[in-house]
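This is what each chain is made of:
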Amino acid sequence: MSAPRAAAARCAAAGTVTLLVFAGSITGAARADDNGIADKSAPAIAAAAREAMSGLTSMRMAAKVTDGAGTTALDLRFDARGNCVGTVTPPGGTGTADVVKRGDDVWMKLDDELLRAQVPGGTAEDAIALINGRYLHGTTSSPVLSDFAEFCDLDFYKKEFASKPANEQLDKGARTTVDGRPAITVNSRQDDRTGSYQVSTEDEPYLLRIQGTDASGERVEASFSAFDEPVRAKPPAPADSVDLSELQ
């Protein structure tokens, strides 16, 4: 994935969490087996969800961002210690990149299909032969890998979770489930963006899913899970990676 595309996809994915603007108030009856959040006013749900999400030590994010360039898909697990593991699929569905991050070190493996889509002209096969199925290794400061590293920054998302954008209008929707977990739906409208989100009604009031669309037609879907679970980001063996400096 080119750096501009990666940056655009990251920004769009980050934009999903700005739907965490909660205002208005409608109450409902709490069930005996839930955390009572569905019986709270919308501002109280907002405050509880922001607090729960901003206190996370790790999570999984599975997201799809669709714009004029196509759909970028992300499936990543990351934690507050700088560990991250997962996959990124650029627009067009032409291949997948596997990403592993530990601290400032980043490993990224592009499959052959993605390399052919990203490397111009007849040099793709040369690049495939040179990389030979290995991970590209660099750091978070590498121009090639920095955008992928930012996909994996839990602190970035936590700051977005903690923010409270203005001028959003909300109405409470129905109870639902997200991957088997009970949740309460809130529908959102702000400027040219509409969306909905689901907050868990059991255990901690974590945000479980976000969906949004803006006037340009950009669509975002993201789900969150594996809260506070360990992230096992095991780097590839030295023989299975190649340093970017060796390819320059």
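Definitions and limits used
- Residue indices begin from 1 for each chain and proceed along its sequence in written order.
- Local features in this predicted model are restricted to residues whose pLDDT is 70 or higher, and side-chain atom pairs enter the listing and the counts only when it is 80 or higher, whereas totals over whole chains, interfaces and linings include all residues.
- Side-chain metrics rest on all non-hydrogen atoms present in the structure, leaving aside hydrogens and water.
- Here, a disulfide means two cysteine sulfur atoms that sit within 2.5 Å of each other.
- For helices the rule is a DSSP run of H or I covering at least 4 residues; for strands it is a run of E covering at least 2, with both sets numbered from the N terminus onward.
- Three labels apply to residues, based on accessible area from a 1.4 Å probe with only protein chains included: buried if under 20% of the type maximum, exposed if over 50%, partly exposed otherwise in between.
- Here an angle of 0 to 180 degrees is reported between the N-to-C directions of two axes, which are lines fitted to C-alpha atoms, with helices fitted over the stretch in contact.
- Comment on the angle field: the value is read as roughly parallel under 35 degrees, roughly antiparallel over 145, roughly perpendicular from 65 to 115, and oblique elsewhere.
- By convention the crossing between two helices is left-handed if the near helix lies anticlockwise of the far one by an angle smaller than a right angle, and right-handed if it lies clockwise.
- Throughout, a contact is declared for two residues whenever any of their heavy atoms are within 4.5 Å.
- Each residue receives one of three labels: charged for Asp, Glu, Lys and Arg, nonpolar for Ala, Val, Leu, Ile, Met, Phe, Trp, Tyr, Cys and Pro, and polar for the others, Gly being one of them.
- A pair of strands is labelled paired if DSSP reports no fewer than 2 bridges between them.
- Aromatic pairing here means that ring centres of Phe, Tyr or Trp (its six-membered ring) are within 6.5 Å. Orientation follows from the plane angle: under 30 degrees is stacked, over 60 is edge-to-face, and everything else is tilted.
- Like charges are joined within 9 Å and nonpolar side chains (Val, Leu, Ile, Met, Phe, Trp, Tyr) within 5 Å, but only among residues with over 30% relative accessible area and no salt bridge; these make up the patches.
- Shrake-Rupley sampling with a 1.4 Å probe provides the accessible areas, and residues are treated as covered by the protein chains on show and by no other component.
- Salt bridge, as used here, is a side-chain nitrogen of Lys or Arg placed within 4 Å of a carboxyl oxygen of Asp or Glu.
- As used throughout, the charge tally considers Lys and Arg to be positive and Asp and Glu to be negative, leaving His and the chain termini uncounted.
- A single reference atom marks each charge: NZ on Lys, CZ on Arg, CG on Asp, CD on Glu.
- Among the buried residues, those of types Ala, Val, Leu, Ile, Met, Phe, Trp, Tyr and Cys that are joined through side-chain atoms within 4.5 Å form a nonpolar core.
- In this description, one arc is meant: the one made by directions from the helix axis to the C-beta atoms.

Novice: Looking at this structure, I do not really get the state of the cysteines. What am I missing?
Specialist: Cysteine pairs can be linked by a disulfide, which is a covalent bond between their two sulfur atoms. Applying the stated criterion across every chain, the model contains one disulfide. Note that C84 is cross-linked by a disulfide to C152, the S-S spacing being 2.0 Å. Its S-S torsion of approximately -50° makes the covalent link between C84 and C152 left-handed. Separated by 68 residues along the polypeptide, C84 in strand β3 (residues 83-89) and C152 in the loop between α5 (146-151) and α6 (154-162) bring together distant segments of the chain. Take C84: its relative accessible area is 0%, and that puts it in the buried class. C152 sits in the buried class, given a relative accessible area of 2%.

Novice: Explain the packing of helix α2 (residues 42-54) against α6 to me, please; I cannot follow it from the model alone.
Specialist: Helix packing for two helices is described by the angle between their axes and how far apart those axes are. Two elements in contact, α2 and α6, have axes whose closest approach is 8 Å; the angle formed by their N-to-C orientations is 165°. For the element pair α2 / α6, the angle class is roughly antiparallel. Note that α2 runs across α6; the crossing there is left-handed. On α6, the residues that touch R50, M53 and S54 of α2 are K158, F161 and A162. Considered class by class, the residues forming the contact of α2 with α6 number three nonpolar, one polar and two charged.

Novice: Sorry, what's going on with the sheet that holds strand β8 (residues 181-190) here?
Specialist: Working definition: the strands of a sheet are paired by backbone hydrogen bonds and lie parallel or antiparallel to each other. With mixed pairing, twelve strands are arranged side by side in an open sheet as β7-β8-β9-β10-β11-β1-β2-β3-β4-β5-β6-β12. The strands lining the two open edges of the sheet, one partner per strand, are β7 (169-178) and β12 (241-243). Recorded for the sheet is a direction-independent mean angle of 15° between the axes of neighbouring strands. With three bridges joining them, strand β6 (residues 135-139) and β12 adopt parallel strand pairing. Residue L136 lies in a different strand from β12, and its bridge partner there is V242. Its contacts with the sheet put α2 on β1 (58-67), β7, β9 (193-200), β10 (207-214) and β11 (219-225), and the angle it makes with β9 is roughly 70°.

Novice: I would appreciate a short explanation of the packing of aromatic side chains in the present structure.
Specialist: In this description, a pair of aromatic rings is defined by centroid distance and the angle of the planes. Following the criterion strictly, the structure yields four aromatic pairs and no others. Judged by centre distance (5.4 Å) and plane angle (10°), the ring pair of F78 and Y157 falls under stacked. Of the two residues, F78 is situated in strand β2 (residues 70-79) and Y157 in helix α6; the sequence distance between them amounts to 79 residues. Taking the relative accessible area as the measure of exposure, F78 reaches 0% and is therefore buried. Aromatic pair F161 and F224: ring centres 5.8 Å apart, planes at 80°, arrangement edge-to-face. Here F224 lies in strand β11 and F161 lies in helix α6, a separation of 63 residues in the sequence. A single burial state applies to F161 and to F224, both of which are buried. One aromatic cluster in this structure is built from F78, F156 and Y157.

Novice: Whenever I open this one, a negative patch on the surface confuses me. Can you help?
Specialist: A grouping of E51, D203, E204 and D228 is seen on the molecular surface, where their side chains present a negatively charged patch. Assignment of secondary structure puts E204 in the loop between β9 and β10.

Novice: Hey, could you run me through the nonpolar core in this one?
Specialist: Counting 53 residues, the largest nonpolar core has M53, M59 and F224 as its most contacted members. Per-element tally for this core: the top contributor is α2, with five residues. Discounting chain neighbours no more than four positions away, the residues touching M53 are M59, K158, F161, Y206, L207, F224 and F227.

Novice: Could you clarify how one ought to interpret α6 in this entry?
Specialist: Those residues of α6 lying buried are L154, Y157, K158 and F161. The buried side chains of α6 occupy one side of the element, clustering within an arc of 100° when seen end-on.

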